[in-house]
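# Chain and residue survey
Take a look at the letters that make up each chain.
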Amino acid sequence: MSVDTPDDLRGLRAAGQVVAQTIRAMRRGVRPGITTAELDAIARNEFARAGARSGPQIDYGFPGTTCISVNDEAVHGIPGRRRLRRGDLVKLDVTAELDGFYADACRTVVVGDARPQALKLIRASEQALDAALKVVRSGVALNEIGATVQRLVRARGFSVCDGLMGHGIGRRIHEKPDVPNVFDPALTQRLSEGLVITIEPLVSAGGPQVRMHRDGWTVSTLDGSLAAHTEHTIVVRDGAPLILTA
Ligand code: MF3
Ligand code: CO
Ligand code: CO
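Figured I'd write up the structure that's included with this text.

## Focus on the coordination of the cobalt ion (ligand 3)
Coordination of the cobalt ion (ligand 3) by the protein is provided by D104 (OD), H167 (NE2), E200 (OE) and E231 (OE), with metal-donor distances spanning 2.0 to 2.2 Å. Taken together, the six donor atoms surrounding the cobalt ion (ligand 3) define angles of 50 to 163° at the centre, an arrangement classified as irregular. One chain supplies every donor for the cobalt ion (ligand 3), spaced along it as D-x62-H-x32-E-x30-E. Separating the cobalt ion (ligand 3) from the cobalt ion (ligand 2) is a distance of 3.2 Å, and D104 supplies a donor atom to each of them. Residue H167 is found in strand β7 (residues 166-168), and its partner E200 is found in the loop between β9 (196-199) and β10 (202-204); the two are separated by 33 residues along the sequence. For H167, a relative accessible area of 4% translates into the label buried.

What follows is the structure, encoded as structure tokens:
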């Protein structure tokens, strides 16, 4: 969507705050022995308190409140009986709907102490998002985002996961336009002020290929290497973007 009125902005900001606060609460819960279903219950409680609903659940019938993906799982992991262990890389991807407005964000965290390579991978996804946030503004071509993410990820010696990308958002989870993490020469469309999008670098420590699990949701790296994911929902402006999920 595009922000047209003060009410649009208020609604989006409120949804963004629910997402940010939910991720903070889940992060505090991350520890060895907790199950991903228990982490998801933290989100369910936060949403209930805020009067928010799970975007993945209402838009797609996703079997969980949030997507929790561990280690080689890149996106759309289903919360369940899996217990987190020291050193696991956990992606907390949270999409809330509040009063008809959607916001979406993800953080990757480590259970206990991280191995240096895992930290480097997480930092690459965070730095790729930061770099993209520095270039997005109205008038910039859409493919500048992908070019920026791809450049940073490659410079760190990692890969961008195939086919996983950001998106327009606001009245649904996934709206136009797609926001790829790689340079596409065809995407010369210029970003307009007020456009609401996510930017979400998905980074693999190994190859770029991914595979879908038999559960029909979970997407993992094909070679089993670790994946990291960092995401914010933003509003494009004439200057620096407004980060709704900060
Ligand atoms: N949060 C995901 C994203 O960043 C969307 C999950 S919807 C699902 O695009 F149903 F596929 F889980
Ligand atoms: Co997301
Ligand atoms: Co998203």
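## Side note on the site of ligand 1
Neighbouring ligand 1 are 14 residues; D93, D104, H174, E200 and E231 lie closest to it. Within the contact set of ligand 1, an oxygen atom lies 3.1 Å away from a side-chain nitrogen or oxygen of E231. Out of a free accessible area of 340 Å², ligand 1 has 95% covered by protein chains. Of all the secondary structure elements, the ones that give two or more residues to the shell around ligand 1 are α3 (55-60) and β4 (89-98). Looking at the shell around ligand 1, its residues break down into six nonpolar, four polar and four charged.

## Concerning the environment of D8
When you line up the elements, D8 lands in helix α1 (residues 6-29). Distance from D8 to I78, taken between C-alpha atoms, is 31 Å for residues 70 residues apart in sequence. Among all residues touching D8, those that are not within four sequence positions of it are M1, S2, V3, F101 and R171.

## A closer look at the coordination of the cobalt ion (ligand 2)
Surrounding the cobalt ion (ligand 2) are the protein donor atoms D93 (OD), D93 (OD), D104 (OD) and E231 (OE), at 2.0 to 2.7 Å. Because the angles between the six donor atoms bound to the cobalt ion (ligand 2) fall within 53 to 171°, the donor set is best described as irregular. Read in sequence order, the donor residues for the cobalt ion (ligand 2) give the motif D-x10-D-x126-E.

## Quick word on the sheet that holds strand β11 (residues 210-212)
Strand order in the open sheet formed by three strands is β3-β12-β11, with antiparallel pairing between adjacent strands. What marks the edges here is a single partner per strand, and that holds for β3 (73-75) and β11. Here the average twist between neighbouring strands, direction ignored, is 40°. Sheet topology places β11 next to strand β12 (residues 219-221); three bridges connect them, and they run antiparallel. If you follow M212 over to β12, its bridge partner there is V219.

## Some points on the nonpolar core
With 33 residues, the main nonpolar core has V19, V30, L39, L84, V90, L92 and V196 as its most contacted residues. Secondary-structure elements contributing two or more residues to this core are α1, α2 (36-50), β2 (67-70), β4 and β5 (101-110). Looking at which element gives the most residues to this core, the answer is α1, with six residues. With sequence-adjacent residues up to four places away left out, V30 is seen in contact with L39, L84, L92, V109, V110 and V111. By size, the runner-up hydrophobic cluster in this structure holds 28 residues, among which are F158, L191, V203 and I234.

## Here we look at the pairing of strand β14 (residues 232-235)
Neither face of β14 is open: one carries H232 and I234, the other T233 and V235, and all of them are buried. Bridge count between β9 and β14: four bridges; the pairing is antiparallel. What sits directly across from I197, in β14, is I234. Strand direction decides the pairing type here: β14 and strand β15 (residues 242-243), joined by two bridges, are antiparallel. For V235, the partnering residue across the bridge sits in β15 and is L242. Hairpin connection from β14 to β15: six residues lie between these consecutive antiparallel strands.

## Considering the pattern of salt bridges
Across all of its chains, the model carries seven salt bridges by this definition. R107 is the salt-bridge partner of E126, the closest N and O atoms lying 3.2 Å from each other. With a gap of 19 residues between them, E126 in helix α4 (residues 116-135) and R107 in strand β5 connect regions that are remote in the sequence.

Basis of the calculations
- Residues numbered from 1 in each chain as written.
- Chains lettered and ligands numbered in written order.
- Predicted model: local features only at pLDDT ≥ 70, side-chain atom pairs only at ≥ 80, totals over all residues.
- Heavy atoms only, no water.
- Donors = N, O, S within 2.8 Å, 3.2 Å for Na, K, Ca; no water.
- Tetrahedral: all angles 85-135°; square planar, octahedral: opposite > 155°, others 65-115°.
- Helix = DSSP H or I, 4+ residues; strand = E, 2+ residues; numbered from the N terminus.
- Buried < 20%, exposed > 50% of the residue type's maximum accessible area, 1.4 Å probe, protein only.
- Near = heavy atom within 4 Å.
- Polar contact = N/O pair within 3.5 Å; in protein donor to acceptor, adjacent residues only side chain to side chain.
- Areas by Shrake-Rupley, 256 points an atom, 1.4 Å probe, with all protein chains shown as cover.
- Nonpolar A, V, L, I, M, F, W, Y, C, P; charged D, E, K, R; others polar.
- Contact = heavy atoms within 4.5 Å.
- Pairing = 2+ DSSP bridges.
- Axes fitted to C-alpha atoms, helices over the stretch in contact; angles between N-to-C directions.
- Core = buried A, V, L, I, M, F, W, Y, C linked by side-chain atoms within 4.5 Å.
- Salt bridge = Lys/Arg side-chain N within 4 Å of Asp/Glu carboxyl O.

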